[in-house]
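Examining the three-dimensional arrangement
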Amino acid sequence: MKKSYTRLTYIVRFSILIISLIAVSAANAQWLLIPMEQGKQTNHLKAYGLTYWALEVPREYRCYWWLNYRGGAFVLPDSQDVRVRAVLMGVRFEPMSDADYTSIKQSVLEGSNMDEILLEKAPKIAVYAPSAASPYRDPWDDAVKIALDYAEIPYDEIWDKEVQSGVLQTKGYDWLHLHHEDFTGQHGKFHASFSTQVWYQQRMLMFEQAAAEAGFQRVAQHKGQTAQMIADYIANGGFIFAMCSAPETLDIALATRGGAVDIVAPELDGTPIAADAEGRLDFQRTLAFENFSLHTNPYRYEFSDIDNPNPDRDAQSGVEDFKLFEFAAKHDPIPTMLTQNHVAVVPGYLGQTTSFNMDKIRGSITILGQVEGTNYAKYIHGKLGKGTFTFLGGHDPEDYRHLVGEGAVPTNLDLHKHSPGYRLILNNILFPAARKKPQKT
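On to the overall build of the protein. Scanning the protein from N- to C-terminus turns up 14 helices and 15 strands. For the protein, the residues scored as buried account for 58% of the 441 residues in total. Taking contacts inside the protein between residues at least 6 apart in sequence as the whole, the part at least 24 apart equals 76%. Per element, the accessible surface of the protein, about 18500 Å² overall, is 51% carbon and sulfur.

What follows is the structure, given as structure tokens:
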């Protein structure tokens, strides 16, 4: 009886709280400010989900992103449904009258390094991953899927068959995410650690079967075709966000002309590595990296010298911490959007590709965040044709040493509501929603 009474009391009190929040006179507030600085927001990550929800059909509310103001605050129209949604999501908001909004907006527009960005639409999101019901499902989790699920942002999962059928264009996806992927056909460079394990052996066989069914002789050619179609998607106006090994292996696959140059050891595909394979790499085809050298030894858990090979894998703090660069909001709105945060230095974390060797990054690429005291970038952004790509090193911003295989526990974001690393992921998710002003530089 006591337990039932407690539950009923909670429901009554919660209902009263919601009613009190939505009962504020509309004459006194026309806007809701979603603060995003340190210590002022009750759930930084779900604030992105609330903003996305406000942009979705059938609401399609007019929303704003105030860059470099209070940690990158959002401005949503004040309405009963937005207030209720914010309360249910645990997101703090501050009501603003039209006079308040006009006054603060003027200070934002006149500020030396602030700006207002109109958010127009909820981007349609795809994640390159086999579904949980698929036999190809990954034996690891994906930080972006964790972020999307936690923020209650919808997405579709697509895999090689869908990408190669052209769904990125035909279904109008605005944004594509890639995570712990191997587009080179080397089966994730897991041979040394997992070649005797059943899940790895089955995975190799399934990938070989999928390549054959798609008409390719080798997995590298099958995955290479996917890599090329992703590059075409970007060039035609798409946005991609890639983490962990995906940025590195995507560019390696493109440099091999979609697997036409065999860089895969015979232990993995039964065919020899091509003569002068490294000399035949075409760096004109890559997105972000150039002049890199390959690590083709199947027993080495690295793909190339793009990655930082020596982070201290025993340390739990300080290693791989990276500083976000500050950009001029009015002149460089895109990198400014991508680096909005409540901290200037983000705690580091590892991955198969942990960070990016700056000696191998094209000069046209924008460095968004650099590992302090090193020659490695953690966070970069670039353009291809009409679209853009953003790469973030490491596997999971709140899991310093991520485990692969059975037994790994997915990150619980209820324990990390203010994660600055996960904020970077969510910045990228909202980025395609923005009406971007022409850059002045």
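Most of strand β5 (residues 115–119) is tucked away: 5 of the 5 residues are buried. Relative to β5, strand β2 (residues 63–67) runs antiparallel, the two sharing 5 bridges. Bridge pairing in β5 links W65 to I117.

Our next topic: unusual backbone geometry. Between V57 and P58 the backbone carries a cis peptide bond, its omega angle lying at 10 degrees. Secondary-structure assignment places P58 in the loop between α2 (44–55) and β2. The backbone of E60 shows a phi angle near 50 degrees, a positive value even though the residue is not glycine. Mapping E60 onto the fold places it in the loop between α2 and β2. At N68, a position not held by glycine, the phi torsion is positive, near 65 degrees. On the secondary structure map, N68 appears in the loop between β2 and β3 (73–77).

Turning to helix α3 (residues 80–89), a few remarks are in order. Within α3, burial applies to V82, R83, A86, V87 and M89. Of the residues flanking the end of α3, it is G90, one or two places downstream, whose phi is positive at about 75 degrees.

Turning our eyes to something else, we now look at the pattern of salt bridges. The tally for this structure, following the rule as stated, stands at 17 salt bridges. In this structure, the salt-bridge partner of E37 is R70, at a minimum N-O distance of 2.8 Å. Of this pair, E37 sits in the loop between β1 (31–34) and α2 while R70 sits in the loop between β2 and β3, and the two are 33 residues apart along the sequence. By relative accessible area, which is 18% here, E37 ends up buried. E290 is paired through a salt bridge with R362; the nearest N and O atoms lie 3.2 Å apart. With E290 in the loop between α12 (266–269) and β10 (322–324) and R362 in the loop between β12 (356–357) and β13 (366–371), the pair connects residues that are 72 residues apart, well separated along the chain. Residues participating in the shared-partner salt-bridge network are E37, R70, R92 and E94.

Before going further, it helps to spend a moment on the packing of helix α9 (residues 198–213) against helix α10 (residues 219–235). A pair of packed helices is captured by two measures, namely the crossing angle of their axes and the spacing between those axes. Contact geometry of α9 with α10 gives a least axis separation of 8 Å together with a crossing angle of 70 degrees. Classified by the angle between their axes, α9 and α10 sit roughly perpendicular to one another. In this structure, α9 crosses over α10, and the sense of that crossing is left-handed. Facing F207, E208, A210 and A211 of α9, the residues of α10 in contact are V219, H222 and K223.

For the rest of this paragraph, the subject is the sheet that holds strand β4 (residues 94–96). Taken in spatial order, the 5 strands make up an open sheet running β4-β1-β3-β2-β5, and their pairing is antiparallel. Each having just a single partner strand, β4 and β5 make up the two edges of the open sheet. Taken pair by pair, the neighbouring strands of this sheet meet at an average axis angle of 25 degrees, ignoring direction. Pairing of β2 with β3 involves 3 bridges; the strand directions are antiparallel. What sits directly across from W66, in β3, is A73.

A few words on the nonpolar core. Ranked by size, the top nonpolar core spans 65 residues in total, and within it I34, W65, M243, L392 and I425 carry the most contacts. With 8 residues, α2 is the single largest residue contributor to this core. Leave out the neighbours within four places in its chain, and I34 touches Q41, A47, L50, A73, F74, L76, V91, R92 and F93.

Another aspect to go through is helix α4 (residues 98–110). Between its first and last C-alpha, α4 extends 18 Å over 13 residues, near the 18 Å set by a 1.5 Å rise per residue. Of all the residues in α4, the buried ones are Y101, I104 and V108. Taken around the axis of α4, the buried residues stretch over an arc of 80 degrees, which confines them to a single face. Exposed and oriented more than 90 degrees from the buried face of α4 are A99 and E110.

Right, let's get into the packing of aromatic side chains. Evaluated as defined, the whole model comprises 19 aromatic pairs. When the centroid spacing of 4.5 Å and the interplanar angle of 25 degrees are considered together, the rings of Y128 and W159 count as stacked. With Y128 in strand β6 (residues 125–128) and W159 in the loop between β7 (156–158) and α6 (160–164), the pair connects residues that are 31 residues apart, well separated along the chain. In this structure Y128 comes out as buried when scored by relative accessible area, which is 0%. Among the residues examined, W159 registers a relative accessible area of 12% and is labelled buried. Clustering of aromatic rings is evident, with ring pairs tying together W31, Y64, W66, Y69 and Y101. It is K189 that lies over the ring of F303; its NZ or CZ is 5.6 Å from the centre. Its guanidinium or amino end placed over the ring of Y349, K378 lies 4.2 Å from that ring's centre, counting from NZ or CZ.

Cut-off values and rules
Residues numbered from 1 in each chain as written. Predicted model: local features only at pLDDT ≥ 70, side-chain atom pairs only at ≥ 80, totals over all residues. Heavy atoms only, no water. Helix = DSSP H or I, 4+ residues; strand = E, 2+ residues; numbered from the N terminus. Buried < 20%, exposed > 50% of the residue type's maximum accessible area, 1.4 Å probe, protein only. Contact = heavy atoms within 4.5 Å. Areas by Shrake-Rupley, 256 points an atom, 1.4 Å probe, with all protein chains shown as cover. Pairing = 2+ DSSP bridges. Salt bridge = Lys/Arg side-chain N within 4 Å of Asp/Glu carboxyl O. Axes fitted to C-alpha atoms, helices over the stretch in contact; angles between N-to-C directions. Parallel < 35°, antiparallel > 145°, perpendicular 65-115°, else oblique. Left-handed = near helix turned anticlockwise from the far one by under 90°. Core = buried A, V, L, I, M, F, W, Y, C linked by side-chain atoms within 4.5 Å. Expected span 1.5 Å × (residues − 1). Arc of directions from axis to C-beta. Phe/Tyr/Trp six-rings, centres within 6.5 Å; stacked < 30°, edge-to-face > 60°. Lys NZ or Arg CZ within 6 Å of the ring centre and 35° of its normal.

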